[in-house]
Amino acid sequence: MQVASEQMTKSKGQMAGGDLQTCNLQLVTCPLCGAEKAEPYAEAPDRFFPKSGELYSLRRCVQCNMVYLNPRPREADSGRFYEHAEYLPFASLQRNRSLINQIYELLRRVNLHWKRRMIIDFWQRKRDDREVASGKYASDSPLDLQSANLQTCRLLDIGCGTGEFLATMKAAGWQVEGLERDERAAAWAREHHQIAISAGSVEQLSASTQQYDVITLWHVLEHLYDPGQALEIIARRLRENGVLLIAVPNIAGIDARIYKSNWVALDAPRHVNHFSLDTLARLGSKHGLTLRWWRQLPLDAFFNALMSEKLAAQRRRGRWVLWPLCLVRAPLVALASLIGGSHTPFSYAAYGASLVCFLEKSHVTQTARLSKHK
Ligand SMILES: [Zn+2]
């Protein structure tokens, strides 16, 4: 991706520190295909400051349909946008937890169960695939849960936060490691889960020689300034037939279409890229990763709808009389997202609130689709 030499300066409203700060915004080309031409997609607020009047521009590439923030803050400035007390992924670090944080943590536990189930389900389908019968996946594959080699399955979670997913997989017998950019979260996870967690970013993996059977990116890729470079590095760390799991909000989802600039998962300026199944598959294929299977995280549909309604209401300011309408609409939108994201015979028509994609590293052309075994 190229960064335009032109620099824009934009006044940013009330920030986490309470000061009026100035951040430099930079223009970029499409992170997927490199094209410069893009059409306006939405003007979105920072959801933590919905009334500041500051809006970030999202654009859709006319060549490949990728939606991305443009212009966007410089990467060196991006850390400050994560320092808000309501930023939920690090809720475990907070001593005085709000009701929303406590609900979030409860739902996260349910989500953890689904995440583990999804991964195990994938291996079972992988084993059942016709390609297994043809000998493509030997029964002694380290990815085969039925073999006695589960203990040798090595998983790396990038952007592991406070390590709850890793702890779940560790309890299931996997060898797990984590990588987390936030040093406080990494230290908390090491102390509470006794898991090897490095503080750092994806780039530091390029100096490693460790190979993994599974690498996971749970709601991380949309934050990365150069997703192509990240996938390039990650692909080198995967064993042959190893799997990269990517979970992202779905920009093609029903809720994204309905809420548009109020869609909470736009999360400007923290989310700089927005993927659909199509753009994610194309990005993976550029780096030798083939999309094999996809699912959705059901709770994301409800979280997105409720939080999007809240953001819309905050931006409407005093029009509280519309609240009952919002409370009726949110579950309906969530339900529509759930149905839209349900698995149908493999196609690129995925309209759920989120995407959980399994991409396999293989030098062999993949033609069979695991969904045949649905
Ligand atoms: Zn493009």
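Computed from a predicted model, the values in this text were never measured in an experiment.

### Remarks on the confidence of the model for the protein
Detailed reading of predicted coordinates is not advised where the pLDDT is low.
Then step 1. This prediction gives the protein a mean pLDDT of 82; 76% of its residues lie at or above 70.
Then step 2. In the predicted structure, residues 365-374 sits below a pLDDT of 50 and forms 21 contacts with residues beyond four places in sequence or in another chain.

### Some details on the environment of L107
Then step 1. Along the chain, L107 falls in helix α1 (residues 99-128).
Then step 2. With 14 C-beta atoms packed within 10 Å, L107 lands in the partly exposed category.

### Some thoughts on helix α4 (residues 183-193)
Then step 1. Residues of α4 that are buried include every one of A185, A186, A189 and H193, and no others. End-on view of α4: buried residues confined to an arc of 100°, all on one side of the axis. Across from the buried face of α4, at angles greater than 90 degrees, the exposed residues are E183, R184 and E191.
Then step 2. Against the buried residues of α4 lie α3 (164-171), β8 (175-180) and β9 (196-199).
Then step 3. Positive backbone phi, at 50°, marks Q194, one or two positions downstream of α4.

### Side note on the nonpolar core
Then step 1. Counting residues in each nonpolar core, the largest one holds 88 residues, and the members touching the most others are L245, I246 and L355.
Then step 2. Tallying contributions element by element places strand β11 (residues 238-249) first for this core, with 7 residues.
Then step 3. Split by domain, this core shows at least three residues from each of two domains, domain 1 (3-84) and domain 2 (90-373).
Then step 4. Excluding residues within four positions of it along the chain, L245 makes contact with I119, V214, T216, L217, V356 and F358.

### A word on the sheet that holds strand β7 (residues 154-158)
Then step 1. An order of β9-β8-β7-β10-β11-β14-β13 is seen for the 7 strands of this open sheet, with the pairing classed as mixed. Looking at strand neighbours, the two that pair on one side only are β9 and β13 (289-295), the edges of this open sheet. Each strand axis lies, on average, 20° off the axis of its neighbour in the sheet, ignoring direction.
Then step 2. Across 5 bridges, the pairing between β7 and β8 is parallel. When the bridges of β8 are listed, I158 appears paired with L179.
Then step 3. α3 contacts β7, β8 and β10 (212-218) of the sheet and is inclined by roughly 175° relative to β8.
Then step 4. In this fold α4 packs onto β8 and β9, with an angle of close to 170° to the strand it touches most, β9.

### Let's talk about the sheet that holds strand β5 (residues 67-69)
Then step 1. An order of β3-β4-β5-β12 is seen for the 4 strands of this open sheet, with the pairing classed as antiparallel. What marks the edges here is a single partner per strand, and that holds for β3 (38-44) and β12 (273-274).
Then step 2. Bridging between strand β4 (residues 56-61) and β5 involves 3 bridges; their strand directions are antiparallel. Bridge assignment links L58 to a residue of β5, and that residue is L69.

### Looking at the environment of C357
Then step 1. Here C357 lies in strand β14 (residues 354-361).
Then step 2. In this structure C357 comes out as buried when scored by C-beta crowding, with 23 C-beta atoms within 10 Å.
Then step 3. Between the C-alpha atoms of C357 and L280, which are 77 residues apart in sequence, the distance is 8.4 Å.
Then step 4. Leave out the neighbours within four places in its chain, and C357 touches I246, L280, L291 and W294.

### A look at the pairing of β9
Then step 1. As paired strands, β8 and β9 are joined by 4 bridges and run parallel to one another. In the sheet register, E177 faces β9, and the bridge partner there is A196.
Then step 2. Between β8 and its parallel partner β9, the chain crosses via α4, and the hand of that crossover is right-handed.

### Some points on unusual backbone geometry
Then step 1. Each neighbour pair has its own omega, and for N70 with P71 the value is 0°, a cis peptide bond.
Then step 2. Unlike most non-glycine residues, K260 shows phi in positive territory, near 50°.
Then step 3. One non-glycine residue, D267, lies in positive phi territory at about 40°.
Then step 4. Among the structural elements, D267 can be located in the loop between α6 (254-259) and β12.
Then step 5. The buried category is assigned to D267, around which 23 C-beta atoms lie within 10 Å.

### Some thoughts on the packing of helix α8 (residues 298-316) against helix α9 (residues 323-340)
Then step 1. Across the interface, α8 lies against α9 with an axial gap of 8 Å and an inter-helix angle of 150°. Between α8 and α9, the angle is such that the two are roughly antiparallel. Crossing geometry of α8 relative to α9 is assigned as right-handed. Here P298, A301, F302, A305, L306, E309 and A313 of α8 lie close against α9, whose contacting residues are W323, C326, R329, A330, V333, A334, S337 and L338.
Then step 2. Per-class residue counts for the contact of α8 with α9 are 12 nonpolar, 1 polar and 2 charged.

Rules used throughout
- Residues numbered from 1 in each chain as written.
- Predicted model: local features only at pLDDT ≥ 70, side-chain atom pairs only at ≥ 80, totals over all residues.
- pLDDT = per-residue confidence, 0-100.
- Contact = placed C-beta atoms within 7 Å.
- Helix = DSSP H or I, 4+ residues; strand = E, 2+ residues; numbered from the N terminus.
- Buried ≥ 20, exposed ≤ 12 C-beta atoms within 10 Å, placed from the backbone.
- Arc of directions from axis to C-beta.
- Core = buried A, V, L, I, M, F, W, Y, C linked by C-beta atoms within 7 Å.
- Domains from an automatic or database assignment.
- Pairing = 2+ DSSP bridges.
- Axes fitted to C-alpha atoms, helices over the stretch in contact; angles between N-to-C directions.
- Right-handed = clockwise from strand over helix to strand, strands pointing away.
- Parallel < 35°, antiparallel > 145°, perpendicular 65-115°, else oblique.
- Left-handed = near helix turned anticlockwise from the far one by under 90°.
- Nonpolar A, V, L, I, M, F, W, Y, C, P; charged D, E, K, R; others polar.

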